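Overview (structure and organization)
Here are the chains, one letter per residue:
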Amino acid sequence: MSTTVIGKSGTWRNWAGNVTARPVREVTPATVEELAAAVRRSAEDDLRVKAVGTGHSFTAAAATDGVLIRPQLLTGIRNIDRDAMTVTVGAGTPLKRLNVALAREGLSLTNMGDIMEQTVSGATSTGTHGTGRESASIAAQITALELVTADGSILTCSATENADVFAAARVGIGALGIVTAITFAVEPIFLLTAREEPMPFDKVLAEFDELHAENEHFEFYWFPHTGNTNTKRNNRSAGPEKPVPQLNSWFEDEFLSNGVFQVANLVGQAAPATIPTIARISSRALSARSYTDIPYKVFTSPRRVRFVEMEYAVPREALVDTLRELKAMVDRSALRVSFPVEVRTAPADDITLSTASGRDSAYIAVHMFRGTPYQAYFTAAERIFTAHEGRPHWGKVHTRDTDYFAKVYPRFGEFTALRDRLDPERRFQNDYLRRALGA
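Residues numbered from 1 in each chain as written. Predicted model: local features only at pLDDT ≥ 70, side-chain atom pairs only at ≥ 80, totals over all residues. Heavy atoms only, no water.

Overall, antiparallel pairing links the five strands, which are arranged β7-β8-β12-β10-β11 in an open sheet. Because the sheet does not close on itself, it has two edges, and the strands there are β7 (77–81) and β11 (154–158). When the angles between neighbouring strand axes are averaged without regard to direction, this sheet yields 15°. Note: strand β10 (residues 142–148) against β11, five bridges, orientation antiparallel. (Pairing = 2+ DSSP bridges. Helix = DSSP H or I, 4+ residues; strand = E, 2+ residues; numbered from the N terminus. Axes fitted to C-alpha atoms, helices over the stretch in contact; angles between N-to-C directions.)

Structure, rendered in structure tokens:
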């Protein structure tokens with residue numbers, strides 16, 4: 001087992017740079033047994049312990065001043081069961097590596113988010129999701145998981161084994177233990193046809209119910225300070241494959257969506273008065289296009305411009321009203337917002353603290369360019385989201401606390417009671433979990 005003692009300069013930072021932590025030591029276990037031993041040793045040393053993936057959360061969910069577990073050696077596919085159509089992978093496996101490996105085996109996840117840099121355990125533990133009419137978050141595709149609890153025990157959890165733990169630990173926010181392996185449901189690889197096109201904001205909202213009903217996966221981006229959106233519809237296809245030509249892909253996905261967008265944000269940061277004009281130009285920069293490819297190449301795209309993000313899940317029927325209120329707030333304010341607002345959906349699931357637990361949901365994500373003050377925008381947006389009983393993404397900026405979560409999650413008490421049983425001494429506690437779940 002690799003152990004690193006961290007000195008005063010040993011600071012961990014997340015991807016966005018808005019969260020830092022100074023652990024006493026780092027541990028990179030090579031086996032699940034080594035990880036369990038590290039948890040037991042942390043108890044002997046009276047230190048808190050947290051596992052950290054790639055740091056793509058904007059909250060301090062993984063931050064600790066105790067022992068930081070890095071799971072990068074707990075990676076790769078453990079087992080493929082073609083009869084059950086499942087794959088079991090180490091918790092530190094990046095989603096990108098999993099997607100490539102599955103494709104090589106002729107398999108795919110049913111749905112995924114829009115980036116794949118995260119580890120599978122980090123993505124699922126915080127409730128990462130894509131968009132889908134029937135297909136839900138990545139965590140909802142879990143059929144079993146392995147968990148190291150506070151006393152160093154190794155639990156296997158599924159719908160039939162430790163079912164109460166399974167119900168909660170799929171989105172466990174690191175509060176119940178450290179996930180060491182995950183079994184996902186998979187299916188034979190398939191093709192998706194993506195259709196991307198601009199559409200007026202008012203038209204999208206007026207036709208949202210139809211767009212949602214008619215497409216397996218529908219999402220859109222609204223550009224603040226404009227009445228413009230870019231929409232994306234992904235639907236299964238009989239083929240043939242017709243990927244985006246390499247030159248077009250570089251021009252639109254790298255040059256425009258990352259390179260030019262980075263420059264535009266830097267200009268907007270230096271001269272905020274230019275942002276509405278930049279937004280109008282940006283919202284018209286990408287033309288309509290259609291392409292057909294394997295799932296992860298359609299669902300995901302590169303995100304190289306760094307930002308800070310807040311995202312809330314509101315009841316799906318509240319989406320249109322919530323967005324109209326958000327647009328009215330931006331229009332009447334002095335805010336200058338250079339990042340588009342992302343809108344996606346998910347069906348209800350049965351995971352205790354999933355943002356879609358028990359209700360069909362719509363997700364509204366607001367972003368600010370890294371280094372730009374975001375508090376005023378996020379505070380105003382959060383006021384709107386919470387008025388509609390929104391649930392914040394566990395890995396994205398929010399100011400909610402235990403009292404709020406107890407109101408918007410009917411099964412909140414079920415989760416905290418399980419936490420009391422599995423981690424009575426709060427070995428996995430940190431400031432974020434103290435605020436969200438209580439002491």
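Before going further, it helps to examine the confidence of the model for the protein chain. Taken as a whole, the protein chain shows an average pLDDT of 94; of its residues, 95% reach a score of 70 or greater. Throughout residues 2–9 the model reports pLDDT below 50, and contacts reaching past four residues in sequence, or to other chains, amount to 17 contacts. (pLDDT = per-residue confidence, 0-100. Contact = heavy atoms within 4.5 Å.)

What follows covers helix α2 (residues 95–104). The periodicity of an α-helix, 3.6 residues per turn, causes residues three or four positions apart to be oriented the same way. Every buried residue belonging to α2 is among Leu95, Leu98, Asn99, Ala101 and Leu102, and all of these are buried. One face of α2 carries all of its buried residues, which in axial projection span an arc of 170°. (Buried < 20%, exposed > 50% of the residue type's maximum accessible area, 1.4 Å probe, protein only. Arc of directions from axis to C-beta.)

Let's shift gears to the environment of Thr372. Relative to the helices and strands, Thr372 resides in the loop between β20 (361–369) and α11 (375–387). Taking the C-alpha atoms as reference, Thr372 lies 9.6 Å from Gly268; in sequence the two are 104 residues apart. Polar contacts involving the side chain of Thr372 include one to the side chain of Gln269, which spans 3.1 Å. (Polar contact = N/O pair within 3.5 Å; in protein donor to acceptor, adjacent residues only side chain to side chain.)

Packing of helix α10 (residues 319–332) against α11 leaves a shortest axis separation of 10 Å and a crossing angle of 150°. Considered as vectors, α10 and α11 are oriented roughly antiparallel to each other. Crossing handedness for the pair α10 and α11: right-handed. Taking contact as the criterion, the partners of Thr322, Glu325, Leu326, Met329 and Val330 in α10 are, on α11, Tyr377, Ala380, Ala381, Ile384 and Phe385. (Parallel < 35°, antiparallel > 145°, perpendicular 65-115°, else oblique. Left-handed = near helix turned anticlockwise from the far one by under 90°.)

So, on to the pairing of strand β14 (residues 191–200). Direction of pairing for β14 relative to strand β16 (residues 228–237): antiparallel, over a ladder of ten bridges. Within β16, the position partnered with Arg195 by the bridge is Arg233. Relative to strand β17 (residues 289–293), β14 is paired through five bridges, and the arrangement is antiparallel. Residue pairing for β17: Ala194 is matched across the bridge by Tyr291.

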